[in-house]
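Remarks on the overall topology
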Amino acid sequence: MAVTSEDLGNTGTLIYPSRIKLPYTWHAGKAGSRFYQGLRDNCRICGTKCPQCSWVYLPPRETCPRCYRIMDEWVEVSNVGTLLTFTVTRYAVPSIQPQEPPIAMGIVKLDGASSGLVHLLGGVDVSELRVGMRMQVVFREKRQGNYLDIEYFRPLKT
Ligand SMILES: [Zn+2]
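**Quick notes on the coordination of the zinc ion**
Looking at the zinc ion, one finds its protein donor set to be C50 (SG), C53 (SG), C64 (SG) and C67 (SG), positioned 2.1 to 2.3 Å from the metal centre. If you look at the zinc ion, its four donor atoms make angles of 101 to 123 degrees with each other, and the shape they trace is tetrahedral. Along the chain, the residues that donate to the zinc ion are spaced as C-x2-C-x10-C-x2-C. Of the two residues, C50 sits in the loop between β3 (45-49) and β4 (56-57) while C67 sits in the loop between β4 and β5 (73-77), which places them 17 residues apart along the sequence.

**Some remarks on the nonpolar core**
Of all hydrophobic cores here, the largest spans 23 residues; its most connected members are I45, L58, L110, L121, L129, M135 and F153. Looking at this core, the elements that each hand over two or more residues are α1 (29-42), β5, β7 (103-110), β8 (117-121), β9 (134-139) and β10 (150-155). Apart from residues no more than four positions distant in its own chain, M135 is found in contact with N79, V80, G81, L83, V108, L121, L129, F153, R154, P155 and L156.

**Some thoughts on the sheet that holds β3**
The antiparallel open sheet is built from three strands, whose spatial order is β4-β3-β5. One side of each edge strand has no neighbouring strand; the edge strands of this open sheet are β4 and β5. In this structure, β3 lies alongside β4, joined through two bridges in antiparallel fashion. Looking across to β4, one finds that K49 is bridged to V56.

**Concerning the environment of E73**
Tracing the backbone through its elements, the reader meets E73 in strand β5. Accessibility expressed as a relative area gives 41% for E73, which makes it partly exposed. The spacing of E73 and T85 is 12 residues in sequence and 28 Å in space, taken between C-alpha atoms. Once you skip the residues sitting within four places of it in the chain, E73 turns out to touch G47, T48 and K49.

**Some remarks on α1**
Spanning 14 residues, α1 covers 19 Å between terminal C-alpha atoms, matching the ideal 20 Å at 1.5 Å per step. Listing the buried residues of α1 in full gives G29, A31, G32, F35, Y36, G38 and L39. Buried residues of α1, viewed axially, fall in a sector of 160 degrees; they line one side. At the exit of α1 stands C43, carrying a positive phi of roughly 50 degrees.

Here is what the cut-offs are and how they apply
- Residues numbered from 1 in each chain as written.
- Predicted model: local features only at pLDDT ≥ 70, side-chain atom pairs only at ≥ 80, totals over all residues.
- Heavy atoms only, no water.
- Donors = N, O, S within 2.8 Å, 3.2 Å for Na, K, Ca; no water.
- Tetrahedral: all angles 85-135°; square planar, octahedral: opposite > 155°, others 65-115°.
- Helix = DSSP H or I, 4+ residues; strand = E, 2+ residues; numbered from the N terminus.
- Core = buried A, V, L, I, M, F, W, Y, C linked by side-chain atoms within 4.5 Å.
- Buried < 20%, exposed > 50% of the residue type's maximum accessible area, 1.4 Å probe, protein only.
- Contact = heavy atoms within 4.5 Å.
- Pairing = 2+ DSSP bridges.
- Expected span 1.5 Å × (residues − 1).
- Arc of directions from axis to C-beta.

Below you can see the structure in the form of structure tokens.
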């Protein structure tokens, strides 16, 4: 529905609400490319380790933001880790949500990593989620070399 400039205190000009789609591409960088290729080709999750502070960054980075050292050591981490925190969205926002609510998002620190990954949580009733739960990666069946090759994290099956 059009809004006239009179509505805004002026005269004559029509103003329409709209949205602009802006497709673009970007370079994943050396570290990002290797990370995404590992997910896509081998379901392997690798981070980079700082030679100074020994942090294992996941997703990997080329430079340690803590001590500014170049990181060229790659470390494969587990596909199992610990749920550090989570949130649940219970209302619908059509066209931007990946699935119907409730939608659980969390940060999972995989074993061997010093930082966590933010991602969807699934395979569980959201009322059963608890900080500290052991979680495992569920890889997408058809992977394309991007972050969504990890489909979600689910509670570890024992
Ligand atoms: Zn460091």
